[in-house]
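Examination of the molecular architecture
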Amino acid sequence: VLASLPLQMMLYFNVYYFPVWCLAEGMMLQLKYHLLPWHYQFLLVTAFLILSLAEGFRLYLGYVGNLQEK
């Protein structure tokens, strides 16, 4: 069984686009944060952190799993 080249290419590009997405999303969060009620502020920040951590973990597992053929 060989490593999947299309998957590896998608992971490679996603690693470079993820910080751009994170920066853009963080800037939008900062711009609209003070306009939202407190419960939406909490939910928005929580969702942003969970999605960011999950995406980083997903990229790591994708690299390790694809390159080690798991």
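The notes below deal with the structure included here. (Residues numbered from 1 in each chain as written. Predicted model: local features only at pLDDT ≥ 70, side-chain atom pairs only at ≥ 80, totals over all residues. Heavy atoms only, no water.)

Moving on, we come to the pattern of salt bridges. Scanning the entire structure with this criterion turns up one salt bridge. For Arg 58, the salt bridge identified is with Glu 55, shortest N-O distance 2.7 Å. Residue Arg 58 and its partner Glu 55 are located together in helix H2 (residues 38–67), separated by three residues, close to a single helical turn. You can call Arg 58 partly exposed: its relative accessible area is 41%. With a relative accessible area of 19%, Glu 55 lands in the buried category. (Salt bridge = Lys/Arg side-chain N within 4 Å of Asp/Glu carboxyl O. Helix = DSSP H or I, 4+ residues; strand = E, 2+ residues; numbered from the N terminus. Buried < 20%, exposed > 50% of the residue type's maximum accessible area, 1.4 Å probe, protein only.)

As a further point, take the environment of Pro 19. By the element assignment, Pro 19 lies in helix H1 (residues 5–32). Residue classification places Pro 19 among the partly exposed residues on the basis of a relative accessible area of 46%. When the C-alpha positions of Pro 19 and Ser 52 are compared, they lie 9.5 Å apart, and in sequence the two are 33 residues distant.

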